[in-house]
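If you want the building blocks of each chain, they are given just below.
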Amino acid sequence: MTAIKQLKNRVEPWRAILREQDDLEAMYELAAESGSPGDEAEVRSMYTTEKEEFEKLNILNLLSGEVDQNNAFLSIHAGAGGTEAEDWTFMLSRMYSRWAERHGFKMEIVDQEEAEGGLKSITIQIDGDYAYGYLKCEAGIHRLVRISPFDANARRHTSFSSVYVYPVLDDTIEVNIRPEDLRVDTYRSGGKGGQHVNKTESAVRFTHIPTGIVVACQSERSQLMNRATAMSILRSKLYEYYREQKEKENSKYNGEKKEISWGNQIRSYVFQPYTMVKDHRTKCETGNIQAVMDGDIDQFMDSFLIAQWKGLPMDNAGDDEEE
């Protein structure tokens, strides 16, 4: 039933577009006959609205991967830059939270490691239609350039945070995890959460021995609930791990896939000496950095999906001079 509903949700909007196109053509003919400025303005308004709806549906049509319609786990980790990078990780978490709010998505912090400057790392579950399909465009290194508020000499600093995105898997996708391949550690949760959270070993950490993948969860009061959430994250990470291994095998002769690593930032956010956000893969950029930090990042996602669909070359390496 869910599959039928998903298919209906993809088809019906296109049928509505076709009906609106017929209405637009009829209105155009009437406006041409009447010559009324009011009718012409109404036709222009209808055209603009329909064009925007078409562009949204066209982008959605690009999200046809096996798990694109799924919810997502989003992890952000502070990299080079010390305290500045920890603050940058917090800023990015706020940006994605605002993006989720804009789309009416549900968000829950699964695990986080706080630091003096902000966050060392955070993992968020974002629930909404095609959350993974959109957010997968954000995986990579994000670079910040600004006058550091932590520098008494007000010097310009460059710092980095890495973003990882994994689909939340349902029971239709199998990921086999053998008990003997798993090491389980329990510990007391850190940070705020009350006496129960801090005085009992409710937090859980799983280590998948064959791959070295480590996941943790401390958001719930119950160790049992944290185990379930951690297992869900582990399944998602293993799914991505095996998918990437398969892609590497398929592309080892053409070398088109690059590893996510320092120096291969996908996007730069420049606060000083000018304001600019630039995606190095698609060259999409904007000077309205405040809007971006308030979650207005759909333009970057859309440009990435379109470039991927067209098969355009995308180089992750930043080529700007704002170092």
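Structure: see above.
From a predicted model like this one, the values you see are computed outputs, not experimental measurements.

**Student:** Please set out the sheet that holds strand β7 (residues 203-208) residue by residue, giving values where relevant.
**Tutor:** In space, the three strands of this open sheet follow the order β6-β7-β8, with antiparallel pairing throughout. Pairing within the sheet leaves two strands with one partner each, and these edge strands are β6 (182-187) and β8 (213-217). Adjacent strand axes in the sheet meet at a mean angle of 15 degrees, parallel and antiparallel pairs treated alike. With six bridges connecting them, β6 and β7 associate as antiparallel partners.

**Student:** Give a description of helix α3 (residues 83-102) that names residues and reports values.
**Tutor:** A rise of 1.5 Å per residue sets the reference length of α3, with its 20 residues, at 28 Å; its end C-alpha atoms lie 29 Å apart and thus fit the reference within 8%. Extensive coverage of α3 is indicated by the burial of 14 of its 20 residues. Looking one or two residues past α3, Gly104 carries a phi angle of roughly 70 degrees, positive in sign.

**Student:** Residues and numbers for the pattern of salt bridges, please.
**Tutor:** Enumeration according to the criterion identifies 15 salt bridges in this entry. Where Arg94 meets Asp294, a salt bridge forms, and the shortest distance between an N and an O atom there is 3.3 Å. A residue pair is termed long-range when its members are at least 10 positions apart, and Arg94 in helix α3 and Asp294 in the loop between α7 (289-293) and α8 (298-310) qualify at 200 residues. Judged by relative accessible area, which is 23%, Asp294 ranks as partly exposed. Taking the shortest distance from any N to any O, the salt bridge between Arg281 and Asp279 comes out at 2.7 Å. According to the relative accessible area criterion, Arg281 is buried, its value standing at 6%.

**Student:** Break down the environment of Gln299 for me, with residues and values.
**Tutor:** Mapped onto the elements, Gln299 comes out in helix α8. Residue Gln299 is classed as partly exposed on the basis of its relative accessible area of 30%. Each C-alpha atom, one on Gln299 and one on Cys284, is 7.7 Å from the other, the two residues being 15 residues apart in sequence. If we skip the residues at most four places from it in the chain, Gln299 touches Cys284, Glu285 and Thr286.

**Student:** I'd like a rundown of a negative patch on the surface, residues and numbers included.
**Tutor:** There is a patch of like negative charges on the surface, built from Glu20, Asp22, Asp23, Glu25, Glu29, Glu33, Glu52, Glu53 and Glu55. Elements with a contribution of two residues or more to the negative patch: α1 (2-34) and α2 (37-61). No other element matches the six residues that α1 contributes to the negative patch. Within the secondary structure, Glu20 is located in helix α1.

**Student:** Which residues make up the nonpolar core, and what values do they have?
**Tutor:** Ranked by internal contacts, the top residues of the largest apolar core, which has 58 residues, are Tyr96 and Tyr269. Excluding anything up to four places from it in sequence, Tyr269 contacts Trp88, Leu92, Met95, His142, Arg143, Leu144, Val145, Met276, Val277, Ile289, Val292 and Met293.

**Student:** Which residues make up the pairing of strand β5 (residues 156-167), and what values do they have?
**Tutor:** Residues in a regular strand point their side chains to alternate faces of the sheet. Direction of pairing for strand β1 (residues 72-78) relative to β5: antiparallel, over a ladder of seven bridges. Note that in β5 the partner of Ile76 across the bridge is Val163. As defined by bridge partners, strand β4 (residues 140-147) adjoins β5 across eight bridges and the pair is classed as antiparallel. Paired with Arg143 across the strands is Phe160, a residue of β5.

**Student:** Quick rundown of unusual backbone geometry? Include the residues and the values.
**Tutor:** In the segment running from Gln272 into Pro273, the intervening peptide bond is cis, with an omega of 5 degrees. Take Pro273: it is sitting in the loop between β9 (267-270) and β10 (276-279). Of note, Tyr130 is a non-glycine position whose phi angle comes to about 65 degrees, a positive value. Relative to the helices and strands, Tyr130 is located in the loop between β3 (118-127) and α4 (131-135). When its relative accessible area of 12% is taken as the criterion, Tyr130 is described as buried.

**Student:** Describe in detail the packing of aromatic side chains, supporting the description with residues and values.
**Tutor:** One pass over the structure, following the stated rule, counts three aromatic pairs. Aromatic side chains Trp88 and Tyr269 sit 4.8 Å apart centroid to centroid with 65 degrees between the ring planes, which places their arrangement in the edge-to-face category. Note that Trp88 is positioned in helix α3 and Tyr269 in strand β9, a separation of 181 residues in sequence. By relative accessible area, which is 0% here, Trp88 ends up buried. Tyr269 sits in the buried class, given a relative accessible area of 0%. Considering the side-chain rings of Tyr241 and Tyr242, the 5.4 Å spacing of their centres and the 75 degrees angle between planes classify their relative orientation as edge-to-face.

**Student:** Lay out α2 in plain terms, naming residues and giving numbers.
**Tutor:** Between its first and last C-alpha atoms α2 spans 36 Å; for 25 residues at 1.5 Å apiece the expected length is 36 Å, and the two agree. Buried within α2 we find Val43, Glu50, Leu57 and Ile59. Where α2 begins, the side chain of Ser36 points an oxygen toward the backbone nitrogen of Gly38, at a separation of 3.2 Å.

Rules and cut-offs
Throughout, a residue's number is its position along its own chain's written sequence, starting from 1. Given that the model is predicted, a residue must reach a pLDDT of at least 70 before its local features are reported, and side-chain atom pairs must reach 80 or more before they are shown or counted; all residues, however, enter totals for whole chains, interfaces and linings. The basis for every side-chain value is the complete set of heavy atoms in the structure, and neither hydrogens nor water enter the calculation. Whether two strands pair depends on DSSP finding at least two bridges between them. Under the DSSP-based scheme used, a helix requires at least four consecutive residues in state H or I and a strand at least two consecutive residues in state E, with every element numbered from the N terminus. Axes here refer to lines fitted to C-alpha atoms; in helices the fit is confined to the stretch in contact. Angles between the N-to-C directions go from 0 to 180 degrees. Working rule for helices: expected span equals 1.5 Å times residues minus one. Using a 1.4 Å probe on the protein chains alone, a residue whose accessible area is under 20% of its type maximum counts as buried, one over 50% counts as exposed, and one in between counts as partly exposed. When a carboxyl oxygen of Asp or Glu lies within 4 Å of a side-chain nitrogen of Lys or Arg, that pair is called a salt bridge. In this analysis, two residues are considered to be in contact whenever any of their non-hydrogen atoms come within 4.5 Å of each other. By definition, no residue in a patch forms a salt bridge, and every one has over 30% relative accessible area; like charges are joined within 9 Å, nonpolar side chains (Val, Leu, Ile, Met, Phe, Trp, Tyr) within 5 Å. Every accessible area reported is derived by Shrake-Rupley at a probe size of 1.4 Å, with residue values counting cover from the shown protein chains alone. Think of it this way: Lys and Arg go in the positive column, Asp and Glu in the negative one, and His and the chain ends go nowhere. Throughout, a charge is located at the NZ atom of Lys, the CZ atom of Arg, the CG atom of Asp or the CD atom of Glu. Residues grouped as a nonpolar core are buried Ala, Val, Leu, Ile, Met, Phe, Trp, Tyr and Cys residues, joined through side-chain atoms within 4.5 Å. Note on aromatic contacts: the rings of Phe and Tyr and the six-membered ring of Trp form a pair at centre separations within 6.5 Å, being stacked when their planes are under 30 degrees apart, edge-to-face when over 60 apart, and tilted otherwise. Two N or O atoms count as a polar contact when they lie within 3.5 Å, although within protein this holds only if one can serve as hydrogen donor and the other as acceptor, and sequence-adjacent residues are included solely when both atoms are side-chain atoms.

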